[in-house]
Amino acid sequence: MTTNPLARRTLLRTAAAGAAALPAAALPAHAAATAPAADPARTGTATAFTWLGNSGWRIEGSGRTVLLDPYLTRYDTGLFPTTSRKPAFDPATELTVDTALVEQHAGRADLILVTHAHWDHVNDVPHIARTTGATVMGTQTTCHLLAAMGVDRAKLVPVKGGEVLDFDGFTVETVGSLHSRNAKHTYFAPGTLTAPPARAPLTIGDLPEGDTLAFQIRFGDGPSAFLTGASDFVERHVTGLRPDIAMVAVPSRTGTTHAYASRLLNALGRPRTVVPVHWDNFETPIGEPALADDSMDLDGVVAEARRLVPGGRVIVPEHLQTLQFGG
């Protein structure tokens, strides 16, 4: 996340190396648009990835639905000054859920993966978990917070990173990761919990990061996808994963992680398909075209992916666009 203001309102429908990113208006929420993909991503079990904005995905394959960081409510916290009604970023902003909107786009989730516990990743998870009965996987802190927010403890799966877990029709590998850093080498709401909080979180400031995870998921014999929710990583943890597709969180232009994109893509084995995420203003409605946060270095990630993987695909998605791989 970044507290830098937007420099201008920009709609991004960028495609590289021949890959097309279609506007959301061209697709119903559950329609599947076929994305040009490298050969490994064109074979095996069909898997559909619908971008829910920010780092969020609805992933469907083998008759199962997995959500990653599903944040659809997207309310005003003052984080984006040019679109906010607030005078400044307000950590006391109350947690709220647009239940109708969330239910419209989340689907009937079987599993919810949470990269970390900041509000723009976990806010809508308790409602989805309670209404669908989905299992939720995250760090110990994430699980403690969700338990305090009313999620059934029996449905919470705490992980540390390194687990490779079988589910019905798909596998999930957890990867210990890191949260991005700003120009001061810090970030919003760090911290972890060793037990549930004394009261349920009420504001966005009540939600600490609680360590960060990434995930690699594969349905059947389909393509593998590496999924991130923050723009830093542990190089030794991702080396050798070699996913077919990488959903790469975009860093801030003022971030302080050294050579982020090149180090990540090289450690992953230079995946043939790269999909940048976490570059949009996530306080504008999910039903509207994605509005770029110009403080995020989307152009840099796209350029580095093109440079490292000539002939590969870089797909900059649109809100609610579905990309289908495999099949």
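Everything numeric in this text was worked out from a predicted model, so none of it was measured.

**Remarks on unusual backbone geometry**
Part 1 of the argument: Here H185, not a glycine, exhibits a phi torsion of approximately 65°, which is positive.
Part 2 of the argument: Here H185 lies in the loop between strand 10 (170-177) and strand 11 (212-219).
Part 3 of the argument: The exposure class of H185 is exposed, given its relative accessible area of 52%.
Part 4 of the argument: Residue A259 is not a glycine yet carries a positive backbone phi of 45°.

**Quick notes on helix 7 (residues 298-308)**
Part 1 of the argument: Taken together, the buried positions of helix 7 are L298, V301, V302, E304, A305 and L308. Projection of helix 7 onto a plane perpendicular to its axis shows the buried side chains occupying an angular sector of 165°, all on one side. Among the exposed residues of helix 7, those pointing more than 90 degrees away from its buried face are D299 and R307.

**Side note on the confidence of the model for the protein**
Part 1 of the argument: With 87% of its residues at a pLDDT of 70 or more, the protein has an overall mean of 89.
Part 2 of the argument: Taken element by element, the protein is modelled with least confidence in strand 1 (residues 15-16), mean pLDDT 30, and with most confidence in strand 6 (residues 111-113), mean pLDDT 99.
Part 3 of the argument: Segment residues 1-39: pLDDT under 50, and 110 contacts once partners within four positions in sequence are set aside and those in other chains are kept.

**What to know about the nonpolar core**
Part 1 of the argument: In terms of nonpolar packing, the biggest core is built from 54 residues, with W57, I217 and V238 touching the most fellow members.
Part 2 of the argument: Residues contacting W57, with those up to four places away along its chain left out, are F49, T50, W51, L52, V66, L67, L68, L227, M247, V275, V277 and L323.
Part 3 of the argument: Core analysis: the next-biggest nonpolar cluster, separate from the first, contains 33 residues, L72, V114, V136 and L320 among them.

**Notes on helix 6 (residues 260-267)**
Part 1 of the argument: With six of eight residues buried, helix 6 is to be regarded as a mostly interior element.
Part 2 of the argument: Listing the buried residues of helix 6 in full gives Y260, A261, S262, L264, L265 and A267.
Part 3 of the argument: Lining the buried residues of helix 6 we find strand 12 (224-227), helix 5 (235-238), strand 13 (245-249), strand 14 (273-277) and helix 7.

**Focus on the pairing of strand 12**
Part 1 of the argument: Residue alternation in strand 12 divides its side chains into two sets, S224 and F226 and A225 and L227, and both sets are buried.
Part 2 of the argument: Across four bridges, strand 11 lies against strand 12 in antiparallel orientation. Residue pairing for strand 12: F215 is matched across the bridge by L227.
Part 3 of the argument: Two successive antiparallel strands, strand 11 and strand 12, enclose a turn made up of four residues, where G220 displays a positive phi of approximately 55°.

**Regarding the packing of helix 1 (residues 99-106) against helix 3 (residues 125-132)**
Part 1 of the argument: Relative orientation of the contacting elements helix 1 and helix 3 amounts to 65°, with a least axis distance of 11 Å. On the basis of their axis angle, the class for helix 1 and helix 3 is roughly perpendicular. Classified by chirality, the crossing of helix 3 by helix 1 is right-handed. Two secondary-structure elements touch here, helix 1 through T99, V102, E103 and A106 and helix 3 through H127, I128 and T131.

**Brief notes about the packing of helix 6 against helix 7**
Packed helices, taken two at a time, are described by the angle between their axes plus the distance between the axes.
Part 1 of the argument: Between helix 6 and helix 7, the least distance of the axes is 9 Å, while the angle of their chain directions is 40°. Judged on the interaxial angle alone, helix 7 and helix 6 are oblique. Between helix 6 and helix 7 lies a crossing of right-handed hand. Across the interface between the two elements, A261, S262, L265 and N266 of helix 6 pack against V301, E304, A305, R307 and L308 of helix 7.
Part 2 of the argument: Taken together, the residues of the contact of helix 6 with helix 7 sort by class into five nonpolar, two polar and two charged.

**Notes on the pattern of salt bridges**
Part 1 of the argument: Overall, the coordinates contain nine salt bridges when judged by the stated rule.
Part 2 of the argument: For R58, the salt bridge is made with E60, and the minimal N-O distance between the two is 3.4 Å.
Part 3 of the argument: Taking the shortest distance from any N to any O, the salt bridge between E235 and R263 comes out at 3.1 Å. Within this pair, whereas E235 is found in helix 5, its partner R263 is found in helix 6, the two being separated by 28 residues in sequence.
Part 4 of the argument: Taken together, the shared-partner salt bridges in this structure form one network comprising R64, D110 and D168.

Calculation rules
Residues numbered from 1 in each chain as written. Predicted model: local features only at pLDDT ≥ 70, side-chain atom pairs only at ≥ 80, totals over all residues. Heavy atoms only, no water. Helix = DSSP H or I, 4+ residues; strand = E, 2+ residues; numbered from the N terminus. Buried < 20%, exposed > 50% of the residue type's maximum accessible area, 1.4 Å probe, protein only. Arc of directions from axis to C-beta. pLDDT = per-residue confidence, 0-100. Contact = heavy atoms within 4.5 Å. Core = buried A, V, L, I, M, F, W, Y, C linked by side-chain atoms within 4.5 Å. Pairing = 2+ DSSP bridges. Axes fitted to C-alpha atoms, helices over the stretch in contact; angles between N-to-C directions. Parallel < 35°, antiparallel > 145°, perpendicular 65-115°, else oblique. Left-handed = near helix turned anticlockwise from the far one by under 90°. Nonpolar A, V, L, I, M, F, W, Y, C, P; charged D, E, K, R; others polar. Salt bridge = Lys/Arg side-chain N within 4 Å of Asp/Glu carboxyl O.

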